[in-house]
Amino acid sequence: MGRVSRRAFAVAALSAFTMMPQASAATGRRGGAPDSEMRGVWIASVANRDWPSKSGLSAAQQRAELLTHLDTAAGNRLNTVFFQVRPTADAMWPSPYEPWSQYLTGTQGKDPGWDPLGTAVEEAHARGLQLHAWFNPYRVAVHADPSRLAASHPARENPDWVVTYGGKLFYNPGLPEVRAFVEDAMLDAVAKYPVDGVHFDDYFYPYPVAGQTFDDDAAYDEHGGGFPDRAAWRRDNTDRLVRETADRVKEVRPGARFGISPFGVWRNAATDPLGSDTTAGVETYDDLHADTRKWVREGWIDYIVPQLYWNIGFAAADYAKLLPWWAEAARDSSTQLYVGEALYKAGDPAQPAAWQESGELSRHLRLAGEYPQVRGHVYFAAKDVAADRIGAMARVVADHYGQPAPPPR
């Protein structure tokens, strides 16, 4: 995501950020005990990104790896984990709706012999961590072959629900029966486990693939009447998923919070005067049909975590420009703002020079401390917290997380 060109920022600007006084990311205050703030980490299971490290591990090995991630989070004074429990229309718990995830055993539908989500909730709470169950609503598979899905997979039983696009399989968001099903499948976990939150990532309609068309003609013909164009209808489909999920979460588990971590650019200013001073190649409103700004302004979700996965001074999408844009979007809203941070880029030789400096992320938190709307940060992702290639996470902890802090409520 966000494969856009960059511009080196001025040494003077970098020095200014480096020399700014340390502040609480939650309050902007110097010294004293920290107020509540989000200190989160994503634990991604899709493609065995973070956990489990590979498919086919024994139940004991999977459990041990999971507990290590929780211990690492607690050891870095984080307070929340976002645990991906439905990566590809499958389940990390015994679900009556969808098969066990292939990322556990290597075979979709095969019982791993234990309950990862149930264990994660219990063990996170035992460590003083909150756990948000992270769901991907519409992704069915990261390949395009329905025959590779478990025989009982709903996508095989309902092939008219599925769109092949970009070499992957997706549920069609334009079908009301699909929306109802994916909500039922996700809410099953919310009903069964005392999760602290329900979390969506940035995938609604899929990211654009050059030269390909997402074929929802039949659904649009049947359900698109009354909309000025297909894009407006698609945005309404996404809005309905968000509003309905929010309402159902409150019904099923009133204490749980519902939040979303979208791609970091709603619209560029050249597209919309309300947009950010960016030239990003993807705009969520237009490309993913996700009106993320409206969800914040209308208070449909409890929190938003825009993925501001760029360094300060990055030409097409500057962290220092996007941060105040999101702070303004959240101003006077009931939606809390946290910032998604690209820890995975720190020390990656393929990334720009700013990401080779251990202090880049710490500067992000220092800058965020100037905006009272920013209530914390979430790091992508768990294996990068553990590896901490150039000490960027250690620097964040030393500079900003000197004391434990409870998450916002």
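Right above here is the structure, for reference.
Residues numbered from 1 in each chain as written. Predicted model: local features only at pLDDT ≥ 70, side-chain atom pairs only at ≥ 80, totals over all residues. Heavy atoms only, no water.

**Q** Just to check I follow, could you spell out the packing of aromatic side chains for this structure?
**A** The relative placement of two aromatic rings is captured by the distance of their centres and the angle of their planes. Inspection of every chain in the model, using the stated rule, returns 27 aromatic pairs. The interplanar angle of 25 degrees and the centroid separation of 5.9 Å between the aromatic rings of Trp266 and Trp325 together place this pair among those described as stacked. Placement of Trp266 in the loop between strand 8 (257-260) and helix 9 (284-288) and of Trp325 in helix 11 (residues 319-330) is noted, with a sequence separation of 59 residues between them. Exposure remark for Trp325: the relative accessible area of 13% places this residue in the buried category. Residues Tyr309 and Tyr344 carry aromatic rings whose centres are separated by 5.7 Å and whose planes lie at 75 degrees to one another, so their mutual orientation is edge-to-face. Residue Tyr309 is found in the loop between strand 9 (303-304) and helix 11, and its partner Tyr344 is found in the loop between strand 10 (336-341) and helix 12 (360-368); the two are separated by 35 residues along the sequence. You can call Tyr309 buried: its relative accessible area is 7%. Through pairs of rings, three or more aromatic residues link up here, namely Trp42, Phe82, Tyr303, Tyr309, Tyr338, Tyr344 and Phe380. The ring of Trp300 carries Arg243 above its face, with NZ or CZ at 4.9 Å from the centroid. (Phe/Tyr/Trp six-rings, centres within 6.5 Å; stacked < 30°, edge-to-face > 60°. Helix = DSSP H or I, 4+ residues; strand = E, 2+ residues; numbered from the N terminus. Buried < 20%, exposed > 50% of the residue type's maximum accessible area, 1.4 Å probe, protein only. Lys NZ or Arg CZ within 6 Å of the ring centre and 35° of its normal.)

**Q** Sorry if this is basic, but what is going on with helix 2 (residues 59-75) here?
**A** Helical periodicity: at 3.6 residues per turn, an α-helix aligns residues three or four positions apart in one direction. An ideal rise of 1.5 Å per residue puts 24 Å on 17 residues; helix 2 measures up with 24 Å between its terminal C-alpha atoms. Those residues of helix 2 not exposed but buried are Gln62, Leu66, Leu67, His69, Leu70, Thr72 and Ala73. Downstream of helix 2 by a residue or two, Arg77 has a phi angle that is positive, lying close to 60 degrees. (Expected span 1.5 Å × (residues − 1).)

**Q** Before we go on, may I ask you to explain the sheet that holds strand 1 (residues 38-43) in this structure?
**A** A barrel is described by the order of its strands in space; here eight strands give the closed sequence 1-2-3-7-8-9-10-11, paired in parallel fashion. By the bridge criterion, four bridges tie strand 3 (residues 130-135) to strand 7 (residues 197-200) in an arrangement that is parallel. Its bridge partner lying in strand 7, Ala133 is registered against Val198. Against the sheet, helix 4 (residues 116-126) contacts strand 2 (80-86) and strand 3, and its axis sits at roughly 150 degrees relative to strand 3. (Pairing = 2+ DSSP bridges. Contact = heavy atoms within 4.5 Å. Axes fitted to C-alpha atoms, helices over the stretch in contact; angles between N-to-C directions.)

**Q** I'm lost on the nonpolar core in this one. Help?
**A** Generally speaking, a soluble globular protein has its nonpolar side chains buried in company with each other. Phe135 and Tyr171 are the most contacted members of the largest nonpolar core, which totals 126 residues. When neighbours within four sequence positions are excluded, Phe135 is seen to be in contact with Val85, Arg86, Trp93, Met186, Ala189, Val190, Val198, His199, Phe200 and Asp201. (Core = buried A, V, L, I, M, F, W, Y, C linked by side-chain atoms within 4.5 Å.)

**Q** Could you clarify how one ought to interpret the pairing of strand 11 (residues 374-379) in this entry?
**A** Most of strand 11 sits out of view: five of its six residues are buried. Where strand 1 and strand 11 come together, four bridges link them in parallel fashion. When the bridges of strand 11 are listed, Val41 appears paired with Tyr379. As paired elements, strand 10 and strand 11 share four bridges and run parallel to each other. Paired with Glu341 across the strands is Tyr379, a residue of strand 11. Once the chain exits strand 10 it traverses helix 12 before rejoining the sheet at strand 11, and the crossover so formed is right-handed. (Right-handed = clockwise from strand over helix to strand, strands pointing away.)

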